[in-house]
Amino acid sequence: MIKAALEKVINEDMAELWSLLSPEEKRIVTDNLQIQSFKKNQLIYAEGEQPEYLWCLFKGKVKKIKEGIGGRVQILRLIRPVQYFGYRAYFAEEPYVSSAAAFEPSTLGAIPLTVVRNLIHNNINLAWFFIKELSHNLGGSDTKIVNLTQKHIRGRLADALIVLLDSYGYEEDGSTLKIYMAREDLASLSNMTTSNAIRTLSTFVNEKILIVDGRRIRVINEPLLRKISKFG
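First, a word on scope: everything that follows refers to the structure included in this document. Fair warning: this is a prediction, and the values are worked out from it, not measured in the lab. (Residues numbered from 1 in each chain as written. Predicted model: local features only at pLDDT ≥ 70, side-chain atom pairs only at ≥ 80, totals over all residues. Heavy atoms only, no water.)

So, empty space enclosed by the protein
To keep it simple, the criterion reads: Both cavities and pockets are sets of points on a 1 Å grid over the protein atoms alone; in a cavity a 1.4 Å probe fits but cannot get out, in a pocket the set is open with protein on both sides within 12 Å along at least five of seven lines, and lining residues sit with an atom within 4 Å of a point. Grid points are joined across faces, edges and corners, and a volume is the space filled by probe spheres set on the points. Put simply, DSSP marks the helices as runs of H or I at least four residues long and the strands as runs of E at least two long, and each gets a number from the N terminus on. Residue polarity follows a fixed list, in which Ala, Val, Leu, Ile, Met, Phe, Trp, Tyr, Cys and Pro are nonpolar, Asp, Glu, Lys and Arg are charged, and the others, Gly among them, are polar.
One pass over the full model with this rule turns up one cavity of 30 Å³ or more. Within this model, the largest cavity holds a volume of roughly 40 Å³. If you trace the largest cavity, you find it lined by L17, L21, V29, L54, I111, V116, L119, L126 and F130. The set of elements that each furnish at least two residues to the lining of the largest cavity consists of α5 (113-121) and α6 (124-150). Residues belonging to the lining of the largest cavity are distributed by class as follows: nine nonpolar, no polar and no charged.

Description of the pairing of strand β10 (residues 216-219)
Every regular strand shows the same layout, with side chains that alternate between the two sheet faces. Selection rule: Burial classes follow relative accessibility: with a 1.4 Å probe on protein chains only, a residue under 20% of its type's maximum area counts as buried, one over 50% as exposed, and anything between as partly exposed. Any two strands between which DSSP finds at least two bridges are classified as paired.
Across the two faces of β10 the burial differs, with I217 and V219 buried and R216 and R218 not buried at all. Bridging between strand β9 (residues 210-213) and β10 involves four bridges; their strand directions are antiparallel. Bridged to D213 within β10 is R216. Here β9 folds back onto β10, and the loop between the two strands holds two residues, one of which, G214, carries a positive phi near 65°.

Here we look at a nonpolar patch on the surface
Stated precisely, the cut-off is as follows: Here a patch means residues that are over 30% exposed by relative accessible area and free of salt bridges, tied together within 9 Å if like-charged and within 5 Å if nonpolar (Val, Leu, Ile, Met, Phe, Trp, Tyr). A 1.4 Å probe and the Shrake-Rupley method give the accessible areas. Residues count as covered only by the protein chains that appear here. Here a salt bridge means any side-chain nitrogen of Lys or Arg lying within 4 Å of a carboxyl oxygen belonging to Asp or Glu.
Taken together, I124, W128 and I131 make up a surface patch of nonpolar side chains, about 340 Å² in accessible area. Mapped onto the elements, W128 comes out in helix α6. What makes W128 exposed here is its relative accessible area of 54%.

Some details on the nonpolar core
Condition: The term nonpolar core refers to a set of buried residues drawn from Ala, Val, Leu, Ile, Met, Phe, Trp, Tyr and Cys, joined through side-chain atoms within 4.5 Å. Pairs of residues are marked as contacts when any of their non-hydrogen atoms sit within 4.5 Å.
Ranked by internal contacts, the top residues of the largest apolar core, which has 29 residues, are L161, L164, L177, L186, F204, L210 and L225. Of all the elements in the fold, those that place two or more residues in this core are β5 (73-79), α7 (153-168), α8 (183-190), α9 (194-206), β10 and α10 (222-231). The element best represented in this core is α7, accounting for eight residues. If near-sequence neighbours (up to four positions away) are discounted, L186 is found in contact with L157, A160, L161, L164, M181, L201 and I217. One finds W18, L33, L113 and L119 within the second-largest nonpolar core, a separate group that totals 19 residues.

Structural notes on α9
What counts, and what does not: For a helix, the expected span equals 1.5 Å multiplied by the number of residues minus one. Taken from the helix axis, the directions to the C-beta atoms give the arc we talk about.
Here α9 contains 13 residues, and its C-alpha end-to-end distance of 18 Å stays within 8% of the 18 Å for a straight helix at 1.5 Å per residue. Burial in α9 covers these residues: A197, T200, L201 and F204. One side of α9 carries all its buried residues, which in axial view fall inside an arc of 105°. Of the exposed residues in α9, the ones pointing more than 90 degrees away from its buried face are R199 and N206. In this structure, the buried side of α9 is in contact with α7, α8, β9, β10 and α10.

Shown next as structure tokens:
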């Protein structure tokens, strides 16, 4: 019963990776996959720890974070279903340089990285899958560095909102972002102070780009928001 449930989860949520494996490799993954649940803000792994698992987010949202100068926390990346994370440090043979925590109650799959390494040794397509994933993430990091260092406050906040929109989409009303962020988290994602994030949000409201109700953000002029994001 448990094995059948695991296979159902894998087939539905890990389809892209699953399609690259032979029947024997699929059995190995099924035998080693662990399903874990995390509460809101619960740490998945911490900076400085040795990497043990390839993580796959099945349900919920996860944030990758790093503590900077003065204890200020920077959100590096938001993970959405179905994305893989937590393996770069293992491939680099170093401890984690950032932490990961559940942004909301989340369900994840964990496969020991020693198992993943053995699979990669015998499956070139799987190796290319992870090369592609790492390359895509590196390109995204390069783009984010430029955005956070060269764009003005308005552009950075607009860019963060577009990232949230493109990652999680809208609620059924077609305008409310399907993620509810505290002002502190939104500021961290935008590389600005909380007070600047609040003031810039208010400006967007006055310009009739957004409607803000607590942590709920409705986008009422998406083309203009994307324009501000693009040109900073």
